[in-house]
Amino acid sequence: MASGVPVVGAKAGGIPNLIHDGENGYLVPVKDGWVDPDTFLSRVQTILNDKEQRAKMSLRAREWAEGWGWEAATSQLRNMQYKKAIENFNNNFWGL
């Protein structure tokens, strides 16, 4: 997705947290531990054959992936550390 490519993945485990069905890729149902091959093939064919849908999903995949890059991770870490420093100050200085 970071390369701007929509993906097809199993609707199992943590994968649904990454792939938003129909937005940045497709989720395929799992039965007895296996993805449904017909649905998988159908989803891949949709991405390959529908240029307009593929373009939209590619853009969304890239946008979503950018939210997990180094810049976003650093920003989140900075914000967490800042909040922790404020809490420590308030606890130690004001006794809150």
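Let me begin by describing the structure that accompanies this report. (Residues numbered from 1 in each chain as written. Predicted model: local features only at pLDDT ≥ 70, side-chain atom pairs only at ≥ 80, totals over all residues. Heavy atoms only, no water.)

## A short note on the overall build of the protein
Test applied: Strands here mean DSSP runs of E at least two residues long; helices mean DSSP runs of H or I at least four residues long; both are numbered from the N terminus. Our radius of gyration is a C-alpha quantity, and the globule rule it is checked against amounts to 2.2 Å times the number of residues to the power 0.38. Only protein chains enter the accessibility calculation, which uses a 1.4 Å probe. A residue is then buried if its area is under 20% of the maximum for its type, exposed if over 50%, and partly exposed in between. Here, Shrake-Rupley sampling with a 1.4 Å probe gives the accessible areas, and only protein chains in the shown set may cover a residue. Counting rule applied: Lys, Arg positive; Asp, Glu negative; His and chain ends not counted. Lysine's charge is taken at NZ, arginine's at CZ, aspartate's at CG and glutamate's at CD.
Looking only at helices and strands, one finds 4 helices and 4 strands in the protein. Going from N to C terminus, the protein has its helices and strands arranged as β-α-β-β-β-α-α-α. Its C-alpha atoms give the protein a radius of gyration of 20 Å, clearly above 12 Å, the size a compact globule of 96 residues would have. Summarising its shape, the C-alpha atoms of the protein cover approximately 65 × 35 × 15 Å along the three principal directions. Taking all 96 residues of the protein together, the buried fraction comes to 17%. Counting every atom, the protein has about 7400 Å² of accessible surface; 56% of that belongs to carbon and sulfur. In the protein, 11 positive and 11 negative side-chain charges are present, and the distance between their average locations comes to 4 Å.

## Some words on unusual backbone geometry
Excluding glycine, most residues fall at negative phi; most peptide bonds, likewise, are trans. Notably, D32 is not glycine yet its phi reads approximately 55°, a positive angle. Summarising the element assignment, D32 is placed in the loop between β3 (30-31) and β4 (34-35).

## Some points on the environment of P29
Note the following rule: What makes two residues a contact is simply this: any of their non-hydrogen atoms within 4.5 Å.
Examined against the element boundaries, P29 turns out to sit in the loop between β2 (25-28) and β3. In this view, P29 contacts K11, W34, V35, D36 and T39; residues no more than four positions away in its chain are not counted.

## Notes on the pattern of salt bridges
So the rule is basically this: Salt bridges are counted wherever a side-chain nitrogen of Lys or Arg sits within 4 Å of a carboxyl oxygen of Asp or Glu.
One pass over the full model with this rule turns up 2 salt bridges. In this structure, the salt-bridge partner of K56 is E52, at a minimum N-O distance of 3.5 Å. With K56 and E52 both in helix α3 (residues 51-66), this residue pair falls 4 residues apart, about one helical turn. In this structure K56 comes out as partly exposed when scored by relative accessible area, which is 40%. Residue E66 is joined to R62 by a salt bridge in which the shortest nitrogen-to-oxygen separation is 3.1 Å. Taken together, the residues span about one helical turn, with E66 and R62 both in helix α3 at a distance of 4 residues. On the accessibility criterion, E66 (47% relative accessible area) is partly exposed. A relative accessible area of 37% means that R62 is categorised as partly exposed.

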